[in-house]
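# Breakdown of the fold
Next come the chains, spelled out residue by residue.
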Amino acid sequence: MESESPEFLGVERLLEKSKPGGSAGWVWYGAGGLVLLGLLGGIGGTKPTQEELVVQVASAGMMMLIVIGMGTAIWVKLQRFREEQRRLGEVDEFIQLRRWVEAGLALEVMLSRPMRSPTHRVQGLVYLASVLGRYQRFTDALAVQEYLLKHVQFDRAGEFTLKVGRAMAMLREDHLVDADRAMSELRKLSGGQASGGLALVEIYRDIKTGHAAEAIEIFNKRSVVIREQLGHRAGDVHALVARAQDMAGDEAAAQKAWGDATVLTPARELVRRYPEVAGVAEKYVAAVMPGGMSE
Amino acid sequence: MMQAGDAIWRTRRDLTAGTVIRYALVVGAGAVVLLTGVRIELVLLALIVAWVGLAYRTVVGARMSAESPALIAAGQYDEAEKRIEQAVRSFIPSRVAKLTNLHHLAALRHAQKRWSECAELCLAVLRFKPAKAGGMGRGTRLMLADALLEAGDVEGAYGAIMGLYQQKLSLTEATELLAVQLDYESRVSGWERMMEGVERKARMLELMPAGRSGRAQALLALAAKKTGRLDWMEFLLRRAELLSDVQELKERRKVLSELWPGEVKEVA
């Protein structure tokens, strides 16, 4: 019989297997044991008989052993926790450096067994959604994001970032109605505060639906917040604006926007993220980092 | 608003008290073995309860200001100040947790651009052994170097930066160090040195938030201009304009006015 190897970064499997193991029930057993031994050691009071003295000494000795044992177990757990934290830090660095293969492999290993901490698991799953997006597996990325939003209580900023990622994945999958609903949620969540991430999603939606003028208008209105909040990821917005300007027939503006986009992010990376700008990449001249090394 | 001196004094006092209590517990545990006529198991139980109580205080203390970095990043300085002050004023037996709170206060002062207070707090954190090594120590040194540069103490900043070269840094720390180092080198006119490995530096700076990245790339653009690498100057200048408010850049680093001598070009 041929054994089937599991799918690389299989979402259902990783979601199931990464669930943290049993709680530290042994701590309570240990604490209970200490109390029992404490009571047992009380037999005989301050003037014990020979037998009672033996019980008292044995109780004290066992209490010592339990304390040392618990201390050692806590130390070992702490070391494993730190190791997991270190590995997550590595995954974060791989993602920042766009070393997607290494990031994927590290996540596959890490999430294939019960994680030590629920917080680490959540962080690992957030990274998994990013890596799946890089592999163009948007349905899988959406599954992870939906799982996280359903099962985890994020702070407002965390929830917002995750929902921006989810809306982008929906747009990539052409789930335009769902994306529209997701954007409404984002607007509510932002509480009226301008957001670069939301502007990016809205501009992408307008490009997808052929509303070039609206995309350009959003960019003109929110260029400052886009610059301040997105940093080099503002290259994505400039690329989409180049596409919008091209759709609107303003080639000079499209060239400028494409130049700005590629000053911030290499053209190849932009085309990978947004297949819609492939035509722009062919038509307009990209800025290239001196030295000419492209990614 | 909590004064730096007050926070440092309270931290020192609590660290000393914590050490005394820990030693007392250890000595107490040892003495139990030698004592006669006392209920050994009850004394042991009392010591364990005391130890667990201290551990609990540590967890509570660590949680008090755990959210302050996020609050600082979100610009909610008043709320961060309130939580950090509460944590600094509380007795926390753990040295690391206590120093972390002082480190958070330094980070808050850094965000508030109160450079001398920030530097004072960073120096206080680094005086203690647990903070010298590890992530907190590296973060504190980076913050110290930046605060000293902002306060105009170039020599002090050099000392802080040098301490970091012997340590293994994370990617974020290495990027932060690069930005501080470029700032330092621009102040001592180390233009050639700034341009060494410029492509790698430009790529690393892509990982930073917009403002910091824009400023560092503007400084690199200036170095490119000074060394006659005009292709790099144009490229980095364009990046800086897309990432930062040029007027603000010129105000914070007068030397950058050389890049935009005339009217400031408005970037859409």
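Residues numbered from 1 in each chain as written. Chains lettered and ligands numbered in written order. Predicted model: local features only at pLDDT ≥ 70, side-chain atom pairs only at ≥ 80, totals over all residues.

## Structural notes on the overall build of chain A
Applied cut-off: Only DSSP runs of H or I covering at least 4 residues are called helices, and only runs of E covering at least 2 are called strands; the numbering of each starts at the N terminus. Just to be clear, the radius of gyration here is over C-alpha atoms, and the globule rule we use is 2.2 Å times residues to the power 0.38. Our exposure labels follow a C-beta count within 10 Å of each residue's own C-beta, placed from the backbone: buried means 20 or more other C-beta atoms, exposed means 12 or fewer, and partly exposed covers the counts in between.
The secondary structure content of chain A amounts to 14 helices and zero strands. Its helices and strands in sequence order give chain A the pattern α-α-α-α-α-α-α-α-α-α-α-α-α-α, from N to C terminus. For chain A, whose C-alpha radius of gyration is 28 Å, the value lies well above the compact-globule estimate of 19 Å for 295 residues. Taken over 295 residues, chain A has a buried fraction of 38%.

## Overview of the overall build of chain B
The condition is simple: In this description, a residue-residue contact is defined by the distance between C-beta atoms placed from the backbone, which must lie within 7 Å.
Tallying secondary structure elements over chain B gives 15 helices and zero strands in all. For 268 residues, the compact-globule formula gives about 18 Å, and the C-alpha radius of gyration of chain B, at 24 Å, lies well above that figure. In terms of overall dimensions, chain B has C-alpha extents of about 90 × 35 × 25 Å along its principal axes. Buried residues in chain B amount to 40% of all 268 residues. Considering only residue pairs separated by 6 or more positions, chain B has 60% of its internal contacts joining residues 24 or more positions apart.

## Description of the nonpolar core
Heads up, the rule is: Here, a nonpolar core denotes buried Ala, Val, Leu, Ile, Met, Phe, Trp, Tyr and Cys residues that are linked to one another through C-beta atoms within 7 Å.
If you look at the biggest cluster of nonpolar residues, it comprises 135 residues, and the most contacted ones within it are Leu128(A), Ile203(A), Leu240(A) and Leu220(B). Sort the elements by how many residues they give to this core and helix α13 (residues 210–226) of chain B lands first, with nine residues. Among all residues touching Ile203(A), those that are not within four sequence positions of it are Ala215(A), Ile218(A), Phe219(A), Val237(A), Leu240(A) and Val241(A). Membership of the second largest hydrophobic core comes to seven residues, among which are Leu34(A), Ala60(A), Leu45(B) and Ile48(B).

## Some thoughts on the interface of chain B and chain A
The line we're drawing: Residue polarity is assigned by list, with Asp, Glu, Lys and Arg as charged and Ala, Val, Leu, Ile, Met, Phe, Trp, Tyr, Cys and Pro as nonpolar; anything else, Gly included, falls into the polar class.
Contacts between the two partners involve 26 residues from chain B and, on the opposite side, 30 residues from chain A. Only α2 (40–64), α12 (198–205), α13 and α14 (230–243) of chain B provide two or more residues apiece to the side of chain B that touches chain A. If you tally residues by element for the side of chain B that touches chain A, the top one is α14(B), at seven residues. Taken together, the residues that form the side of chain B that touches chain A break down as 16 nonpolar, three polar and seven charged.

## Things to note about the confidence of the model for chain B
The criterion, for reference: Confidence scores here are pLDDT values: one per residue, from the predictor, ranging 0 to 100.
Mean pLDDT over chain B: 88, with 93% of residues reaching 70 or higher. Taken together, the chains of this predicted complex give a pTM of 0.83 and an interface ipTM of 0.82.

## A look at helix α3 (residues 50–96) of chain A
All names here are of chain A. Heads up, the condition is: Residue count minus one, scaled by 1.5 Å, sets the expected span of a helix.
Taking 1.5 Å of rise per residue, 47 residues should cover 69 Å, and α3 covers 69 Å from first to last C-alpha, within 8% of that figure. All of the buried residues in α3 are Gln56, Ser59, Ala60, Met63, Leu88, Val91, Phe94 and Ile95. Once α3 ends, the next one or two residues include Arg98, with phi positive near 60°.

## Points about unusual backbone geometry
One non-glycine residue with positive phi stands out, namely Gln136(A), at about 60°. With respect to the element layout, Gln136(A) can be found in the loop between α5 (118–134) and α6 (138–151). Even without being a glycine, Ser189(B) presents a positive backbone phi close to 55°. Residue position: Ser189(B) is located in the loop between α10 (171–187) and α11 (191–195).

## Examining helix α8 (residues 134–150) of chain B
Residue and element names in this part refer to chain B. For α8, with 17 residues, the first-to-last C-alpha span of 25 Å sits near the 24 Å given by 1.5 Å per residue. Counting buried residues in α8 gives 13 out of 17 residues, a clear majority hidden from the surface. Just beyond α8, the residue with positive phi is Gly152, at close to 90°.

## Describing the environment of Met183(A)
All names here are of chain A. The residue Met183 is located in helix α8 (residues 176–190) in this model. In this structure Met183 comes out as partly exposed when scored by C-beta crowding, with 19 C-beta atoms within 10 Å. Discounting chain neighbours no more than four positions away, the residues touching Met183 are Ala167, Val201, Glu202 and Arg205.

## Here's the deal with the packing of α8(A) against helix α9 (residues 196–208) of chain A
The description of two helices packed together rests on the angle between their axes and the distance between the axes. All names here are of chain A. Put simply, the test is: Angles here are taken between N-to-C directions and fall from 0 to 180 degrees, while the axes themselves are lines fitted to C-alpha atoms, restricted in helices to the stretch in contact. Any angle from 65 to 115 degrees is called roughly perpendicular, while one under 35 is roughly parallel, one over 145 is roughly antiparallel, and all others are oblique. Here a crossing is called left-handed whenever its near helix is offset anticlockwise from the far helix by less than a right angle, and right-handed whenever the offset is clockwise.
For the pair α8 and α9, interaxial distance at closest approach is 11 Å and the crossing angle is 155°. Between α8 and α9, the angle falls in the class roughly antiparallel. The hand of the α8/α9 crossing is left-handed. The segment α8 lies against α9, with Leu176, Ala179, Met183, Leu186, Arg187 and Ser190 engaging Leu198, Val201, Glu202, Arg205 and Lys208. Residues that form the contact of α8 with α9 fall into these classes: six nonpolar, one polar and four charged.

## A closer look at the environment of Leu189(A)
Residue and element names in this part refer to chain A. Within the secondary structure, Leu189 is located in helix α8. Sequence separation of Leu189 and Arg80 is 109 residues, and the distance between their C-alpha atoms is 37 Å. Residue contacts for Leu189: discarding those within four places in its chain leaves Arg156, Glu159, Phe160 and Lys163.

## What about the environment of Leu25(B)?
Residues and elements named next belong to chain B. Among the secondary structure elements, Leu25 is positioned in helix α1 (residues 4–34). Using a count of 15 C-beta atoms within 10 Å as the deciding quantity, one classes Leu25 as partly exposed. Placed 23 residues apart in sequence, Leu25 and Ile48 show a C-alpha to C-alpha distance of 9.0 Å. Ignoring anything within four residues of it in the chain, the contact list for Leu25 reads Leu47, Ala50 and Trp51.

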